[in-house]
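Letter by letter, the chains look like this.
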Amino acid sequence: MALPAPSPSTTALVTGASSGIGADLARELAGRGHGVVLVARRGDRLEALAEELRDAHGIRADVLTCDLTDPAARDALPGRIGALGLTVDILVNNAGYGSAGQFVDLDLAAETDMVRLNCEAVVALSGAYAPAMVQRGDGAILVVASSAGMQPIPGQATYAASKAFALAFAEALHEELGHRGVAVTALCPGPVDTEFAARAGLEEAFASVPSFARVSAEACARQAIDGLARNKRVVTPGLPTRAVAVAGRHTPRSVLLPLMRRFYPV
Ligand SMILES: NC(=O)c1ccc[n+]([C@@H]2O[C@H](COP(=O)([O-])OP(=O)(O)OC[C@H]3O[C@@H](n4cnc5c(N)ncnc54)[C@H](OP(=O)(O)O)[C@@H]3O)[C@@H](O)[C@H]2O)c1
């Protein structure tokens, strides 16, 4: 299976394209000739990226600002893209954020909004576009999950659970849609230097990660789109993250959770 061929009437919708991994996913897709629709809240950032991509690759790049935690705004997005005369043949569910701390101490509204963004928006946008992709027998969906979704994480309870949801959802869709012409891949990065750590309050924890265990957003995006083009079920960039992911998935919870509570730096 390959990615849908680029055409003037089709586009790759990239959520969370205003920074970090999402911006590099948009760069990677544009570099392969795909038009892009860039979505996030910070329109100035999106406009700057759209201009960069048009200049560098001669592709069509559109900007739509949207707060994806707002169900009405999110559900209006497909209509806004349709009004541009574009068909979404690649969907990149990337927008997301995390938090860190004891659940009882965290801001509850931010935790529930996180579930809306990291889980609900992924289901809603996939549901908006997957049926037409299946009908065409052609399409691709990338879900940006996380190595944090491989196991529960005391100190990041909601974030890890939200990414476990995203991972399980993508893996199931991969199995449902792969034989119907639609590639579905879960991207599960470990630590990547973006604005994520600052927003999550994880700067200190990220600073303690050795450089060999980090992957750049650019490399992460390249490996993700390579994997999507081959309809890989899961892409986990970097050997150290793959090792941690295997341990997270297969160590008995009764052993893993007390260890994480003791040694996880949150
Ligand atoms: N960095 C890591 O170590 C790491 C590791 C594993 C997984 N991930 C995942 O990778 C994805 C991208 O994160 P990143 O590392 O690139 O972080 P980032 O630099 O903070 O980017 C997050 C993106 O999500 C967008 N976003 C946040 N809230 C939004 C909302 N309510 N509506 C629409 N867009 C929203 C942000 O745009 P606006 O603020 O402009 O709206 C931004 O474009 C996330 O799903 C994250 O969980 C990151």
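Structure: above.
Because the structure is predicted, anything quoted here is derived from the model rather than measured. (Residues numbered from 1 in each chain as written. Predicted model: local features only at pLDDT ≥ 70, side-chain atom pairs only at ≥ 80, totals over all residues.)

(A) Structural context of the sheet that holds strand β3 (residues 61-65). In space, the seven strands of this open sheet follow the order β3-β2-β1-β4-β5-β6-β7, with parallel pairing throughout. Looking at which strands have only one partner, the edges of the open sheet turn out to be β3 and β7 (234-235). When strand β5 (residues 139-144) meets strand β6 (residues 182-187), the two strands line up parallel, connected through six bridges. Bridge pairing links Ile-141 to Val-184 in β6. In the packing of helix α5 (residues 157-177) onto the sheet, contacts are made with β5, β6 and β7, and the angle to β6 comes to roughly 160°. (Pairing = 2+ DSSP bridges. Helix = DSSP H or I, 4+ residues; strand = E, 2+ residues; numbered from the N terminus. Contact = placed C-beta atoms within 7 Å. Axes fitted to C-alpha atoms, helices over the stretch in contact; angles between N-to-C directions.)

(B) Expanded view of the site of the ligand. With respect to spatial proximity, 28 residues lie near the ligand, and among them Gly-16, Gly-20, Arg-41, Arg-42 and Gly-96 are the closest. Of all elements in the fold, only α1 (20-31) and α6 (196-200) reach the threshold of two or more residues within the shell around the ligand. Top contributing element to the shell around the ligand by residue count: α1, with three residues. Residue classes in the shell around the ligand are distributed as 12 nonpolar, 11 polar and five charged. (Near = placed C-beta within 6 Å. Nonpolar A, V, L, I, M, F, W, Y, C, P; charged D, E, K, R; others polar.)

(C) Examining the nonpolar core more closely. Of all hydrophobic cores here, the largest spans 71 residues; its most connected members are Val-14, Ala-26, Val-36 and Leu-38. Filtering out sequence-adjacent residues up to four positions away, Val-36 remains in contact with Thr-11, Ala-12, Val-14, Ala-26, Leu-29, Ala-30, Leu-53, Ile-59 and Ala-61. (Core = buried A, V, L, I, M, F, W, Y, C linked by C-beta atoms within 7 Å. Buried ≥ 20, exposed ≤ 12 C-beta atoms within 10 Å, placed from the backbone.)

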